[in-house]
Each structure stands twice: as C-alpha cells, then as structure tokens.
Amino acid sequence: MIKKYLQKIYLALIFIILYAPIVTLIVLSFNQSKTRAKWGGFTLKWYRELLKNEQIMSAFYTTLIIAFVSAAVATVIGTAAAIAIQSMKQKWKTLYMGLTNIPMMNAEIVMGVSLMLLFIAFHMTLGFGTILIAHITFNIPYVILSVAPKLKQTNRYTYEAALDLGASPLKAFFKVVFPDIVPGVLSGFMLAFTMSLDDFVITHFTKGPGIDTLSTKIYTEVRKGIKPEIYALSTIMFVTVLVLLLLINYSPKETEEVNVKKKVRRPSRVKNIVIRRVIPAAICILFIGGGFYYAEKSDMLNKEKVVVYNWGEYIDPEVLTMFEKETGIDVVYEEFETNEILYPKVSSGAIAYDVVCPSDYMIQRMIENDLLTEINFDNIPNIKNIGQQYMDQSRQFDPENKYSVPYCWGTVGILYNKTMVDEPVDSWSILWDPKYKDNILMQDSVRDAFGVTLKYLGYSLNSTDLDELNEAKNLLIEQKPLVQAYVIDQVRDKMIGNEAALGVIYSGEAIYTQKENPNLEYVIPKEGSNIWIDSWVIPKNAEHKENAEKFINFLCRPDIALMNFEYITYSTPNETARALIEDDDIRNSEIAFPDLSQYDNLETFQYLGTEADQVYGDLWNKVKSS
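Basis of the calculations
- Residues numbered from 1 in each chain as written.
- Predicted model: local features only at pLDDT ≥ 70, side-chain atom pairs only at ≥ 80, totals over all residues.
- Heavy atoms only, no water.
- Helix = DSSP H or I, 4+ residues; strand = E, 2+ residues; numbered from the N terminus.
- Contact = heavy atoms within 4.5 Å.
- Areas by Shrake-Rupley, 256 points an atom, 1.4 Å probe, with all protein chains shown as cover.
- Phe/Tyr/Trp six-rings, centres within 6.5 Å; stacked < 30°, edge-to-face > 60°.
- Buried < 20%, exposed > 50% of the residue type's maximum accessible area, 1.4 Å probe, protein only.
- Lys NZ or Arg CZ within 6 Å of the ring centre and 35° of its normal.
- pLDDT = per-residue confidence, 0-100.
- Salt bridge = Lys/Arg side-chain N within 4 Å of Asp/Glu carboxyl O.
- Patch = residues over 30% accessible without salt bridge, like charges linked within 9 Å, V, L, I, M, F, W, Y side chains within 5 Å.
- Lys, Arg positive; Asp, Glu negative; His and termini not counted.
- Charge placed at Lys NZ, Arg CZ, Asp CG, Glu CD.
- Polar contact = N/O pair within 3.5 Å; in protein donor to acceptor, adjacent residues only side chain to side chain.
- Core = buried A, V, L, I, M, F, W, Y, C linked by side-chain atoms within 4.5 Å.
- Pairing = 2+ DSSP bridges.
- Axes fitted to C-alpha atoms, helices over the stretch in contact; angles between N-to-C directions.
- Parallel < 35°, antiparallel > 145°, perpendicular 65-115°, else oblique.
- Nonpolar A, V, L, I, M, F, W, Y, C, P; charged D, E, K, R; others polar.

### Examining the overall build of the protein
Okay, step 1: Counting secondary structure elements, the protein contains 25 helices and 12 strands.
Okay, step 2: Sequence-distant contacts, at least 24 apart, represent 73% of the contacts inside the protein between residues at least 6 apart.
Okay, step 3: Of the roughly 32700 Å² that the protein leaves accessible, carbon and sulfur atoms contribute 57%.

As structure tokens, this is what we get:
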C-alpha cells in the first residue's frame, strides 16, 4: 500500500517538474501586469498585442514555411535515399546507414558552423534560402531513419510480381510498396517538421540579417527583456501541439452491441476522418494562412529596408525608431565587437550589409581590397555639419574622402580609480607596476594592446619592425601575470564597480564611467597614444545603397548626432551638434573634446597589410597562450 502511494507521489513530482514551468508561462500570459512578480488581474491583452506585432508574426510565418517546405523536400529525398540504401548489398547498406547517422550524432553547432562555412565558400548570401537548404540537409537523416524499418517489412517478390503482370516500375512502386511504407513516410515528415520548427542553432548560423524564425526572434527578444507577448506566443504553440497530438492519437473506444453474440461496432469512418485528418489539416491551414496574411499586411516581404552593422551599444535605439517613422524604411540592425570580427563577414560577401561602421585602419583595408563603394554626397547634405578637421584627419585612411563619413572619434588612455591609486598617473609604465597586480585591465584587441606597448617603448603604434614587435610581445608577456582580465566593453562596468584600479579604455567610455563613479579619472599618457575615428561606409555588395545614404544623412543631423552623443558618450565630429550641448562641462570637456594641438605624439592606426596582420596575430596568440 505504501509502495503504491510512493509511486504516485514520485509520478506526481515528475509531472510537476515537467509541466510547472509551462503552467507558470500560461498563467503569466493572462497576467495584466508586465512584471512576473505581481498579479495584475486576468487579461487577454497580450494575445491581442501578439496579433498586432508584425515582427513576431513575420517570424511565425517564416518558421512555418521553412518547416513545411524543408520537411516536404527532406521527406522526398529521404524516402528515395532509404529505398536506394535498402536495395544495396549488406556491406554497402551498413556503410551508408552509418554515414546518415553521423549528422544525428553530431552536435548541432558543428553542423551549423559547417554549413555556414560551406555557404560562404560558395559565395552564397545568407538568408531565407540558406536556412531552407540547411534545414533540408539536417532533416534528411531523420526521414531515412523513419522509412528504413518499414522498407525492411516489405516483400520484394510482390513488387517483382507486379512488374511481371505488366505494371511500370513507378506504378508498381506506388501500388505495392508505397502503401506499406506510408506510416514511415508520414512519421519522417512529422519528425522533420518538428525538428525544423524547433531548431535554433543551425538557423542562427545560417540566417542573414532581417530573416528570423520564432526561435531566433524569441532569443533576440529575451536578450532585451522578456515581453508578455512571448508568453502568449509560447502558450499558443504549446496548446496547438497538444491538441494536434491528442487528435492524431485519438482512438474511439470499442463498443458492444447488445446481442446474443458479442460483436464489435466499428467507429464511424467519417468521424474518424474528421477527427484525425480534417481538424489537424484545418489547424495547419489556419496557421499558414494567417502567416501569409500578416506577411502581406505588414509588407514584410518587400518593405523598404536598410541593413546596418554597428558596434554594440553604439547608437541610441530611439534614433532607429525615429528614422523608421520619418522615412518608412525598416532598419535591420546587427552588432559586432571588434573590427576583426566585422571584416571577414563583410569580405566574404555572404551577408549584404548596406551600411557599416568600422574604424580608421579597417576602412583603409576595406578600400584597398575594393570592398567599399563611393558615397554619393549629393544625398548627404548634412555632411556640412561635420567639422573640417575630422574630414582632413580621415584622409589618413580615406585619402579623397570618397568612402567614409565620420561618426565618432576619441583617444585611448588610462582610466584609474583615485581611491586605489595613490600616485600621479601620466605614463603607460604604471600598467607594469607589480603593486597593482590583479587590478589592471587590458584591451582584448591585438592592435590596442600592441599600440599601448609600442608607444610605451617609444615606437610607432604602426610599427612593422620585427625586433620592435618582439620587444613589445615580451613586455606584454611580462605584464600578463599582473593583468586581471583582457576585456572590451566590460572594462567600463568593472571600473565603475571598483573591481580594478587601472584600465586601458576609450575616451568615450571614460566619460560614461565618470558619471557613474566620480572616483575615476582619465589621462592620455605622456608617451602618446591612439586617436581614432569610426566612420560610416557602404559595402560594395549593399542592396539598398540609397537607403544607406539616407541613413547616414539622418545621423549627421545635429539633433540626431546630439542624441547619439548623449547616449553613447563618444565624442561627436558634428560641430553643430556639439554647440547644442547644454552642459558647459561636457561641451568643454578635455576628455570628450581635447585640444589636439597640445599633443604631437597621437597616431591613427593604419592598415599594415596582410603579412603584418599575420605577424601581429601570431605574436598576440603567443601572449595570450603564455
């Protein structure tokens, strides 16, 4: 008796663990309050908001189409492959079945990255087509796995008898073999459809900008903060799948006729067809039709757009919204962390970005490799707001000012905490002081790390002299035990949180950190440093060049440039915008707008060539691995 109760309790715990999160999600989808910690009353508001959300409904439409088409194509190819394998000799059959099982055994990330590299190698633009091909490839082994067991149960001699009776091979197949394997084919289709519907990893690596499935869209939204509409969407998906499963597996109970002899009354054939075929098909048609409706309503298929590739947190999100409202052009926005991540994505041509924001030396490299198109400045009248000194400085990497428009600029220096550093800071040498062990933050960037070290040694930060570079490498290796971490954006948060005493940082980040922590001070070391400019450029394979120029012109508008400056705190080259800054301390800040005439040892990074890049990369790897 006690054993039975324990079994029931155990079973109940399993169901609670499995379904408690889903029940919580369903409850939250009806919660009037946006916060999960407070019940604001029952509402259907989030379901209405979901139906109005064009981006989510477009992702929903894309997901269904990709899942259905990829499953259908994979079912045809997989069934044909299973038949071919079944006709082989045993040793070849074993070999090919083993090969088809490998993709299922492999981690999805391996397949996702492999397919991405394959598409890039064939110069295919990542987008809807590459996702579809990837899903078909991914699903075929599952179809083969479902069809193969049914083929083993078929009688080969029946097929041969049909041929002897005059049937063509195709007719014999559909009349004799196909009816026997239909359950396996349908199972393979459903399995492929489900796998495609649920996939995230492969889609993530093979999709292009502006193309989202539900999985990638939900992932993006969750990174920004979970919206109640996502609860509603997840609830609808769960309930739909549950209903479909119940209908497909529905089997009416057998009933007895009250007679002398016991007879089984078969359920109505019409009722069976309605429950197990018509209703599931109607649900699928409803969802697919709804997807087409919302795609057409939101004009997501042919809407004007501009694809932007920018640094993380390098633009005020409200600016993107304003641009969309004023121009009717949809902004597809993606972010990168370093110039070295940006370059291969643009150079591969796999993704057609319309406007990109690289740094000075990377712009020079892209120009030399014929990756950029000339800007039509007739479409950018707001270029007049950019200070002439910044246009002149841009000539170091864009000699004729034909390819770039300055966006932000600044310097690289040392940010230090006055409560943790009790001595004057005016030299890069303090980054090698043993008393600050585990309290030093270095930039996780090959050019920035070597630039700091080369300037400390008295060399040019664009040095290609192997002896000088090796000397810098040895100094970085000597410094490594003192370094708490090699970081990029994280230096800002760590310094604000008093987690380190010293950090190499960009001047724009220093302005922000001082607002959050008044104990922080920024200095340009006496040995000199890097002065940089990030500019907007248009790749040669851009598909919406005019929209890109409209976007750049919009960003050069004084009020917009001011919004971006106040949001990201990096110095703006827009002199009209600078004049609009109300705070005198900020407008005249020596960090944001230093008097460059006081410095004669500031350098701009230059592109040093592929061979020099390889040398820098190899030396940096030795530093990181030491």
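### Quick notes on the packing of aromatic side chains
Okay, step 1: Following the criterion strictly, the structure yields 25 aromatic pairs and no others.
Okay, step 2: Seen from their ring centres, Phe450 and Tyr616 are 5.5 Å apart, and the 70 degrees between their planes marks the pair as edge-to-face. Here the residue Phe450 occupies a position in helix H17 (residues 446-456), and Tyr616 occupies one in helix H25 (residues 610-625), the gap between them amounting to 166 residues.
Okay, step 3: Phe450 gets classed as buried once you look at its relative accessible area, which sits at 0%.
Okay, step 4: It is Arg365 that lies over the ring of Tyr343; its NZ or CZ is 3.7 Å from the centre.

### Comments concerning the confidence of the model for the protein
Do not read the predicted coordinates in detail wherever pLDDT is low.
Okay, step 1: Of all residues in the protein, 89% have pLDDT values of 70 or greater, and the mean over the chain is 85.
Okay, step 2: The secondary-structure element of the protein with the lowest mean pLDDT is strand S1 (residues 255-256), recorded at 42, while strand S5 (residues 355-356) shows the highest, at 97.
Okay, step 3: With pLDDT under 50 throughout, residues 253-265 is counted as low confidence; its partners more than four residues away or in other chains account for 8 contacts.
Okay, step 4: Note on residues 298-302: pLDDT is under 50 here. Beyond four places in sequence and across chains, it has 6 contacts.

### Some thoughts on helix H15 (residues 360-368)
Okay, step 1: Burial runs high along H15: 7 of the 9 residues are buried.
Okay, step 2: Asp360, Tyr361, Met362, Ile363, Gln364, Arg365 and Met366 are the residues of H15 that are buried.
Okay, step 3: Turning to H15, the residues buried within the fold contact helix H14 (339-348), H17, strand S11 (529-536) and H25.
Okay, step 4: Once H15 finishes, Asp370 follows within two positions and takes phi at roughly 55 degrees, a positive value.

### A short note on the environment of Val23
Okay, step 1: Along the chain, Val23 turns up in helix H1 (residues 2-28).
Okay, step 2: A C-alpha to C-alpha distance of 9.0 Å links Val23 and Thr235, two positions 212 residues apart in sequence.

### As for the pattern of salt bridges
Okay, step 1: Applying the stated criterion across every chain yields a total of 16 salt bridges.
Okay, step 2: Notably, a salt bridge pairs Lys418 with Glu521, separated by 3.9 Å at the nearest N-O pair. Of this pair, Lys418 sits in the loop between strand S6 (405-417) and strand S7 (440-443) while Glu521 sits in strand S10 (residues 520-523); the two residues are 103 residues apart in sequence, bridging distant segments of the chain.
Okay, step 3: Under the relative-accessibility criterion, Lys418 is labelled partly exposed at 43%.
Okay, step 4: Residue Glu521 is classed as partly exposed on the basis of its relative accessible area, which comes to 27%.
Okay, step 5: Arg557 serves as the salt-bridge partner of Asp559, at 2.9 Å between the closest nitrogen and oxygen.

### Here we look at a negative patch on the surface
Okay, step 1: A cluster of acidic residues, Glu566, Glu582, Asp583 and Asp585, forms a negative patch at the surface.
Okay, step 2: Here Glu582 shows up in the loop between helix H23 (575-579) and helix H24 (584-587).
Okay, step 3: Of the residues examined, Glu582 reaches a relative accessible area of 76% and is grouped as exposed.

### With respect to a nonpolar patch on the surface
Okay, step 1: On the surface, a nonpolar cluster with roughly 1100 Å² of combined accessible area is contributed by Tyr10, Leu11, Ile14, Phe15, Leu18, Tyr19, Val23, Val27, Trp39, Phe42 and Leu44.
Okay, step 2: As for its placement among the helices and strands, Trp39 is situated in the loop between H1 and helix H2 (45-52).

### Let's talk about the side chain of Ser215
Okay, step 1: When you line up the elements, Ser215 lands in helix H10 (residues 214-224).
Okay, step 2: Among the polar contacts listed, one links the side chain of Ser215 to the backbone oxygen of Asp199, at a separation of 2.7 Å.
Okay, step 3: A polar contact of 3.1 Å, which involves the side chain of Ser215, links it to the side chain of Thr213.
Okay, step 4: Leaving out residues up to four positions away in the same chain, Ser215 has contacts with Asp199 and Phe200.

### Considerations on helix H21 (residues 545-555)
Two residues of an α-helix separated by three or four positions point the same way, owing to the 3.6 residues in each turn.
Okay, step 1: Here H21 lies mainly inside the structure; 8 of its 11 residues are buried.
Okay, step 2: Of all the residues in H21, the buried ones are Asn547, Ala548, Glu549, Phe551, Ile552, Asn553, Phe554 and Leu555.
Okay, step 3: Structurally, H21 contributes buried residues whose contacts are with strand S3 (305-311), helix H13 (317-327), S5, S6, S11 and helix H22 (558-568).

### Quick word on unusual backbone geometry
Okay, step 1: Even without being glycine, Asn498 reaches a positive phi, approximately 60 degrees.
Okay, step 2: Mapped onto the elements, Asn498 comes out in the loop between helix H19 (490-496) and strand S9 (502-506).
Okay, step 3: For Thr569, which is not glycine, the phi torsion reads 65 degrees and is therefore positive.
Okay, step 4: By the secondary structure assignment, Thr569 is in the loop between H22 and H23.

### Things to note about the nonpolar core
Okay, step 1: Ranked by size, the top nonpolar core spans 125 residues in total, and within it Leu431 and Leu502 carry the most contacts.
Okay, step 2: Sort the elements by how many residues they give to this core and S6 lands first, with 8 residues.
Okay, step 3: Beyond its immediate stretch of four places on either side in the chain, Leu431 contacts Ile414, Ile440, Met442, Val452, Gln479, Leu482, Leu502 and Val504.
Okay, step 4: Counting residues in each nonpolar core, the second largest holds 32 residues, with Leu50, Ile56, Ile136 and Leu214 among its members.

### A closer look at the sheet that holds S3
Okay, step 1: Taken in spatial order, the 3 strands of this open sheet run S4-S3-S5, and their pairing is parallel. Each edge of the open sheet carries a strand with a single partner, namely strand S4 (330-336) and S5.
Okay, step 2: The pairing of S3 with S4 spans 7 bridges and is parallel. Bridging across to S4, Lys305 finds its partner in Asp330.
Okay, step 3: Here H14 sits on the sheet and contacts S3, S4 and S5; the angle it forms with S3, its principal contact strand, is near 145 degrees.

### Quick notes on the packing of H17 against helix H18 (residues 466-479)
Okay, step 1: It is at 9 Å that the axes of H17 and H18 come closest, and there the two elements cross at 105 degrees. On the basis of their axis angle, the class for H17 and H18 is roughly perpendicular. Where H17 approaches H18, its residues Ala449, Phe450, Thr453, Leu454 and Tyr456 are matched on the opposing element by Glu468, Leu469, Ala472, Lys473, Leu475 and Leu476.
Okay, step 2: Looking at the contact of H17 with H18 residue by residue, the classes come out as 8 nonpolar, 1 polar and 2 charged.

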